[in-house]
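What follows is the residue order along each chain.
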Amino acid sequence: MSEAAKYSVVQALHNGRLVEIRALKPEEPDHLLAAVDRTSAQSLYRRFFAAKRGFSETEKAFFLNVDFVDHVALIAVLEEEGRRAIVGGGRYVVLQPGKAEVAFVVVDQYQGQGIGAALMHHLATIARAAGLQELVAEVLADNVSMLKVFEKSGLPFSAKRQSRVVHVTLPLH
């Protein structure tokens, strides 16, 4: 397991609120699933390209069993009503040497506060340190907010629309 498994930073969001961006821990399945339960059907559709309300055991294992080498997952944690809650997550999965696919989801009430951008920044930092050269993503064409996260990431950005999906490429050099 790489250093990414211990990754943790605290940063301010656009509104000044502090968010912790950190590695997903395997003992957090209930907290992660609670975050999914608080996410709208539209946001989940934009993330998974299908109607999604639950996950099979195989899907849960994929999302929770992260090796932090070929599969890196970060979560965003905020203080919410006196307790810490997962309000977003992002991950990348290596597709081939030097290239990984990246994806995010943020609980609806926290969208537009900079959480997606923070997750993108920290995933790119980890990916560079791991020697990756490129991140790619597939985004539904109507998911303008996610496309803006990629455009504003500070990374070179190219996008190619194909039907209802935009293929995004983000070189890391």
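Predicted model only: the values in this text are computed from it and were never measured.

1. Description of the side chain of Glu-80
By secondary structure assignment, the location of Glu-80 is in strand S3 (residues 71–80). On the basis of relative accessibility, which here comes to 10%, the residue Glu-80 falls in the buried class. Polar contacts involving the side chain of Glu-80 include one to the side chain of Tyr-110, which spans 2.3 Å.

2. A few points about the packing of aromatic side chains
On inspection of all chains with the given rule, the structure shows one aromatic pair. Pairing Phe-104 with Phe-150 gives two aromatic rings, centres 6.0 Å apart and planes at 55 degrees, and the pair type is tilted. Within this pair, whereas Phe-104 is found in strand S5 (residues 99–106), its partner Phe-150 is found in helix H5 (residues 144–151), the two being separated by 46 residues in sequence. Looking at Phe-104, the relative accessible area reads 7%, which means it is buried. For Phe-150, a relative accessible area of 1% gives the class buried.

3. Brief notes about the pattern of salt bridges
Scanning all chains against the criterion turns up four salt bridges. The closest approach of N and O atoms between Lys-6 and Glu-3, which form a salt bridge, is 3.6 Å. In terms of burial, Lys-6 and Glu-3 fall into one category: exposed. For Arg-83, the salt bridge is made with Glu-80, and the minimal N-O distance between the two is 3.8 Å.

4. Some thoughts on the sheet that holds S5
Spatial ordering of the open sheet is given by S1-S2-S3-S4-S5-S6-S8-S7, a layout of eight strands whose pairing is mixed. Since the sheet does not close on itself, it has two edges, and those belong to strand S1 (8–12) and strand S7 (158–162), each with one partner. Pairs of neighbouring strands in the sheet enclose a mean axial angle of 25 degrees, with direction left out of account. Where strand S4 (residues 83–96) lies against S5, eight bridges are found, and the strand directions are antiparallel. Counterpart to Gly-89 in the pairing with S5 is Val-105. On the sheet, helix H4 (residues 115–129) packs against S1, strand S2 (18–23), S3, S4, S5, strand S6 (134–140) and strand S8 (165–171) and is oriented at approximately 145 degrees with respect to S3.

5. Quick look at the nonpolar core
In terms of nonpolar packing, the biggest core is built from 48 residues, with Tyr-92, Ile-115, Met-120, Leu-135 and Phe-150 touching the most fellow members. Contributing elements (two or more residues each) for this core: S2, S3, S4, S5, H4, S6, H5 and S8. Residue contributions to this core peak at eight residues, all from H4. Contacts of Leu-135, omitting those with residues within four sequence positions, involve Tyr-92, Ala-100, Val-102, Met-120, Ala-124, Ala-127, Val-168, Thr-169, Leu-170 and Leu-172.

Scoring rules and cut-offs
- Residues numbered from 1 in each chain as written.
- Predicted model: local features only at pLDDT ≥ 70, side-chain atom pairs only at ≥ 80, totals over all residues.
- Heavy atoms only, no water.
- Helix = DSSP H or I, 4+ residues; strand = E, 2+ residues; numbered from the N terminus.
- Buried < 20%, exposed > 50% of the residue type's maximum accessible area, 1.4 Å probe, protein only.
- Polar contact = N/O pair within 3.5 Å; in protein donor to acceptor, adjacent residues only side chain to side chain.
- Phe/Tyr/Trp six-rings, centres within 6.5 Å; stacked < 30°, edge-to-face > 60°.
- Salt bridge = Lys/Arg side-chain N within 4 Å of Asp/Glu carboxyl O.
- Pairing = 2+ DSSP bridges.
- Axes fitted to C-alpha atoms, helices over the stretch in contact; angles between N-to-C directions.
- Contact = heavy atoms within 4.5 Å.
- Core = buried A, V, L, I, M, F, W, Y, C linked by side-chain atoms within 4.5 Å.

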